[in-house]
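Notes for the structure review
Here's the letter readout for the chains.
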Amino acid sequence: MYKWFNSQSRLVQIILLIIPVVNWVVEIGVRWGKFFRCHGPIALILAILTIPGGIIIGWLDVVWCLLFHNLFLAS
């Protein structure tokens with residue numbers, strides 16, 4: 001899901017991250033996909049933190065995506 005999310009236009013990414021329940025589902029899919037792709041400790045920590053706090057991390061990602069054109073610690 002990480003590659004799919006990055007292939008979307010910036011507008012679609014922002015819309016997916018703004019809607020609360022969709023935000024949480026997208027965050028879980030992207031973060032766990034990133035972890036399974038690279039197996040890094042930061043990716044694992046963010047993937048685990050996304051389960052209880054995915055909406056908060058998602059709002060951080062909205063701002064981060066607007067400013068830097070990628071997700072927080074997922075480049």
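To keep things clear, this report deals only with the structure shown in the data block. Everything quoted here is computed from the prediction, not taken from an experiment.

Take a nonpolar patch on the surface next. On the surface, Ile18, Val21, Trp24, Val25, Ile51, Ile55 and Trp59 cluster together to form a nonpolar patch covering roughly 640 Å² of accessible area. For the nonpolar patch, the elements supplying multiple residues, two or more each, are helix H3 (20–38) and helix H4 (41–68). Assignment of secondary structure puts Trp59 in helix H4.

Further remarks concern the side chain of Asn23. Along the polypeptide, Asn23 turns up in helix H3. In terms of polar contacts, Asn23 uses its side chain to reach the backbone carbonyl oxygen of Leu17, at 2.9 Å. Discounting residues that sit within four places of it in the chain, Asn23 has contacts with Leu16, Leu17, Gly54, Ile55, Gly58 and Trp59.

Another aspect to go through is the environment of Ala47. Position of Ala47 among the secondary structure elements: in helix H4. A relative accessible area of 0% means that Ala47 is categorised as buried. Not counting chain neighbours up to four residues away, the residues in contact with Ala47 comprise Arg31, Trp32 and Phe35.

Cut-offs used in this document
- Residues numbered from 1 in each chain as written.
- Predicted model: local features only at pLDDT ≥ 70, side-chain atom pairs only at ≥ 80, totals over all residues.
- Heavy atoms only, no water.
- Patch = residues over 30% accessible without salt bridge, like charges linked within 9 Å, V, L, I, M, F, W, Y side chains within 5 Å.
- Areas by Shrake-Rupley, 256 points an atom, 1.4 Å probe, with all protein chains shown as cover.
- Salt bridge = Lys/Arg side-chain N within 4 Å of Asp/Glu carboxyl O.
- Helix = DSSP H or I, 4+ residues; strand = E, 2+ residues; numbered from the N terminus.
- Polar contact = N/O pair within 3.5 Å; in protein donor to acceptor, adjacent residues only side chain to side chain.
- Contact = heavy atoms within 4.5 Å.
- Buried < 20%, exposed > 50% of the residue type's maximum accessible area, 1.4 Å probe, protein only.

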